Amino acid sequence: MTDLSKKTKIYVDKSRRFPGLVCREVWKLGRDDPRRAIHALKVGFSLTLVSLLYLIEPLFKGVGQNAIWAVMTVVVVLEFTAGATLCKGLNRGFGTLLAASLAFFFEFIAREYGKVFRAVFVGASVFLIGTFTTYLRFYPKIKKNYDYGVLVFLLTFNLITVSSYRVDDILKLAHGRMSTIAIGSGLCILMSIFIFPHWSGEDLHNFTVTKIEGLAKSIEACVDKYFNDEEIDMDIEEQTEDPIYDNYKAVLDSKSTDETLALHSSWEPRHSLPCHKFPSRQYVKLGGVLRHFGYGVVALHGSLQTEIRTRRSVRLLFRDPCIRMAKEINATLTELAGSIRNRRHCSPEILTERLQQALQNLNSALKSQPRLFLGPNCPNNNSNMLALVAATARQKSFNHLTSLKKTDSPKKSGLKTDSPRKSGLKTESPRISKGGTEAEKRILRPTLSKLTITSLEFSEALPFAAFVALLVELVARLDVVIEQVEELGRVACFAEFRHGDDVILDVDKRTSTSTEINVPNAAGAE
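All values reported here derive from a predicted model rather than from experimental measurement.

(A) Inspection of the overall build of the protein chain at higher detail. Assigned secondary structure in the protein chain consists of 20 helices and two strands. In the protein chain, which comprises 526 residues, the proportion classed as buried is 36%. Taking all contacts inside the protein chain whose residues are at least 6 apart in sequence as the whole, residues at least 24 apart take part in 80%. Element-wise, carbon and sulfur atoms account for 62% of the exposed surface of the protein chain, whose accessible area totals about 30,600 Å².

(B) Region of interest: unusual backbone geometry. Of note in the backbone geometry, Arg343 takes a positive phi value of approximately 55 degrees without being a glycine. Along the chain, the position of Arg343 falls in the loop between helix H15 (319-341) and helix H16 (348-367). The exposure class of Arg343 is buried, given its relative accessible area of 9%. In this structure, Cys493 is a non-glycine residue whose phi angle is positive, near 60 degrees. When its relative accessible area of 43% is taken as the criterion, Cys493 is described as partly exposed.

(C) Main features of the environment of Asn363. Note on placement: Asn363 falls in helix H16. Judged by relative accessible area, which is 32%, Asn363 ranks as partly exposed. Sequence spacing of Asn363 and Pro321 is 42 residues, and the spatial spacing of their C-alpha atoms is 8.8 Å.

(D) Structural view of the pattern of salt bridges. The final tally for this structure, using the stated rule, is 17 salt bridges. For Glu79, the salt bridge goes to Lys88, with nearest N and O atoms at 3.2 Å. Where salt bridges share partners, they join Asp33, Arg35 and Asp203 into one cluster.

(E) Quick peek at the side chain of Glu268. Mapping Glu268 onto the fold places it in the loop between helix H12 (255-265) and helix H13 (280-302). Despite its burial, Glu268 pairs with no opposite charge; the closest candidate is Arg35, at 9.2 Å N-O. In terms of polar contacts, Glu268 uses its side chain to reach the backbone amide nitrogen of Gly201, at 3.4 Å. Residues within four places of Glu268 in sequence aside, it is in contact with Ala82, Gly83, Leu86, His198, Trp199, Ser200 and Gly201.

(F) Up close: the environment of Val297. Relative to the helices and strands, Val297 is located in helix H13. By relative accessible area, Val297 is classed as buried at 0%. Taking the C-alpha atoms as reference points, Val297 and Leu470, separated by 173 residues in sequence, lie 8.2 Å from one another. Excluding residues within four positions of it along the chain, Val297 makes contact with Leu215, Ser218, Ile219, Tyr248 and Leu474.

(G) Spatial organisation of the nonpolar core. Ile219, Phe293, Ile329, Leu333 and Leu478 are the most contacted members of the largest nonpolar core, which has 53 residues in total. For this core, the secondary-structure elements that each account for two or more residues are helix H10 (200-228), helix H11 (243-252), H12, H13, H15, H16 and helix H20 (461-491). Sort the elements by how many residues they give to this core and H20 lands first, with 11 residues. If sequence neighbours within four positions are ignored, Phe293 has contacts with Leu215, Ile219, Ile329, Leu333, Leu474, Arg477, Leu478 and Val481.

(H) Spotlight on a nonpolar patch on the surface. Together, Phe45, Leu49, Leu52, Tyr54, Leu55, Ile56, Leu59, Ile68 and Met72 give the surface a local cluster of nonpolar side chains, amounting to about 750 Å² of exposed area. Of all elements in the fold, only helix H2 (34-55) and helix H4 (67-77) reach the threshold of two or more residues within the nonpolar patch. Residue placement: Ile56 occurs in the loop between H2 and helix H3 (57-63).

(I) Looking closely at the packing of H11 against H13. Where H11 meets H13, the axes come as close as 9 Å, and the angle between the chain directions of the two elements is 150 degrees. As judged from the angle between their axes, H11 and H13 are roughly antiparallel. Both H11 and H13 take part in a crossing whose hand is left-handed. Taking contact as the criterion, the partners of Ile244, Tyr245, Tyr248, Val251 and Leu252 in H11 are, on H13, Leu290, Arg291, Gly294, Tyr295, Val297, Val298 and His301. Classifying every residue of the contact of H11 with H13 gives nine nonpolar, two polar and one charged.

(J) The arrangement of the confidence of the model for the protein chain in detail. Per-chain confidence: the protein chain averages 75 in pLDDT, with 71% of residues scoring 70 or above. Within the model, the stretch residues 375-390 combines pLDDT values under 50 with 27 contacts to residues more than four positions away or in other chains.

(K) Quick look at the environment of Gln65. Looking at the secondary structure, you find Gln65 in the loop between H3 and H4. Aside from chain neighbours lying at most four places away, what touches Gln65 is Tyr54 and Phe60.

(L) Quick peek at H15. With 23 residues, H15 should reach 33 Å at 1.5 Å per residue; the first-to-last C-alpha distance of 32 Å fits that figure. Most of H15 is tucked away, with 17 of its 23 residues classed as buried. Positioned one or two residues after H15, Arg343 has a phi angle of 55 degrees, which is positive.

(M) Structural context of the packing of H10 against H12. Direction vectors running N to C along H10 and H12 enclose 150 degrees, while the axes themselves pass 8 Å from each other. In terms of axis orientation, H10 runs roughly antiparallel to H12. You can see that H10 and H12 cross each other, and the crossing is left-handed. Across the interface between the two elements, Ser200, Gly201, Asp203, Leu204, Phe207 and Lys211 from H10 touch Thr257, Asp258, Leu261, Ala262, His264 and Ser265 from H12.

(N) Region of the structure containing the packing of aromatic side chains. Scanning all chains against the criterion turns up 13 aromatic pairs. An angle of 80 degrees between the planes, with centres 5.7 Å apart, marks the rings of Phe106 and Phe121 as edge-to-face. Of this pair, Phe106 sits in helix H5 (residues 82-110) while Phe121 sits in helix H6 (residues 115-136), and the two are 15 residues apart along the sequence. Assessed through its relative accessible area of 18%, Phe106 is described here as buried. When the centroid spacing of 5.0 Å and the interplanar angle of 5 degrees are considered together, the rings of Phe278 and Tyr283 count as stacked. Exposure remark for Phe278: the relative accessible area of 25% places this residue in the partly exposed category. By relative accessible area, Tyr283 is classed as buried at 2%. Members of the aromatic cluster, each reached through a chain of ring pairs, are Phe105, Phe106, Phe117, Phe121, Phe153 and Phe157. It is Lys88 that lies over the ring of Tyr148; its NZ or CZ is 5.0 Å from the centre. Its end group placed over the ring of Trp69, Arg177 keeps NZ or CZ at 3.8 Å from the ring centre.

What counts, and where the lines are drawn
- Residues numbered from 1 in each chain as written.
- Predicted model: local features only at pLDDT ≥ 70, side-chain atom pairs only at ≥ 80, totals over all residues.
- Heavy atoms only, no water.
- Helix = DSSP H or I, 4+ residues; strand = E, 2+ residues; numbered from the N terminus.
- Buried < 20%, exposed > 50% of the residue type's maximum accessible area, 1.4 Å probe, protein only.
- Contact = heavy atoms within 4.5 Å.
- Areas by Shrake-Rupley, 256 points an atom, 1.4 Å probe, with all protein chains shown as cover.
- Salt bridge = Lys/Arg side-chain N within 4 Å of Asp/Glu carboxyl O.
- Lys, Arg positive; Asp, Glu negative; His and termini not counted.
- Polar contact = N/O pair within 3.5 Å; in protein donor to acceptor, adjacent residues only side chain to side chain.
- Core = buried A, V, L, I, M, F, W, Y, C linked by side-chain atoms within 4.5 Å.
- Patch = residues over 30% accessible without salt bridge, like charges linked within 9 Å, V, L, I, M, F, W, Y side chains within 5 Å.
- Axes fitted to C-alpha atoms, helices over the stretch in contact; angles between N-to-C directions.
- Parallel < 35°, antiparallel > 145°, perpendicular 65-115°, else oblique.
- Left-handed = near helix turned anticlockwise from the far one by under 90°.
- Nonpolar A, V, L, I, M, F, W, Y, C, P; charged D, E, K, R; others polar.
- pLDDT = per-residue confidence, 0-100.
- Expected span 1.5 Å × (residues − 1).
- Phe/Tyr/Trp six-rings, centres within 6.5 Å; stacked < 30°, edge-to-face > 60°.
- Lys NZ or Arg CZ within 6 Å of the ring centre and 35° of its normal.

Below you can see the structure in the form of structure tokens.
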């Protein structure tokens, strides 16, 4: 009875907390992006307006039962952004118009020849149009831009053509379908363009900025974690919870989002003050370059989870130049993101100059420690830290092998002392011995492989050398990103620098190393 009362109390407490949890989730969803709440209100208001075709008697007499098509059009066509709404609305409108016109033309021809011929003609036209239209959807350009319109054309043509066989006034049927869809599509387009519009071009623009900033954060976090953490988590399953992974994951998965936003933005009117055409294709190209750059960040993140690691004391020797290199890459990406956000040209000369200086500092730091990277010809080989690490690794591996042999020895001794008569395995003993040897090889093979790797002369320098090489590779790929951002600024007609406006650019996030750059007032760039 006590347990039952406890369970009842728990259920009652959960039921009381449930409304509060739902309210908090709803509030959080709208707080993260207030445009969601605005879009929901727009959809509700549009459905209310189109429902007046049923609710008001004069409107219902003029439209009739076809008013349901207007309601369905609003539900299907009104999307989150204006570009998506225009794409679906215009496709639906032109598809319906073309299908109704073609169905009316076929019906006009079939009416001249009897009922039997009319039935055969309707069946043949449905087959031919259905086959041709479906095959047409496989063309890449048709599928990319007009797939929804072709689908609506096929649906409307079949509905009108087949219905016309039992309906006398085909013109009234086609007119009712076209008028209601036109009302629904027109209402959706007006709501999406003139009432709190959400532009696909702006979403693509802001998404590009977010991706660049995420890459910058990932690189700096990787370098800080590499030089500051004593132990690095090797659990790959928890990688999805890593903020470093979350920052560059959006870049790697952005291809479909970029292409969809670019497609929808191509349908949008020129709504900015300068009335420049939105360079959607250039944003897609920049997204491809950012994904190529993101693959380098993935490799840099993977270097934090290597099996063979460089000692912390060795890493600290190169900590400052590597961290400065990461800060310069971060500052460059941040400057590129800021230039895109404010729609102004960046200054690649200044950015490249700072990166070159950071590369020179890293090169000087590597040259200052030659014993880490010299082979056995080094005159002072006894002080070579790599030899000490290799010897330590060999000793650890030897101890590990010894412990494995001791662990396996009771099993082997048990096999030898068992009487063949008792065990009944006299003829199978060679197989057991051979199988045991193979199993032992399978168990020891990874250990022997690791022993061979750790006994290499440069075993400790290899992980650090790979990390530095990836860092330098990111600098090389960054040049391509800068070129694409400059090309985007040229195509999109970003504002040029003016000598009257000064902005302080913090390079290393240190107040002592700031540089003054002339930046235009981008108030009219929107």
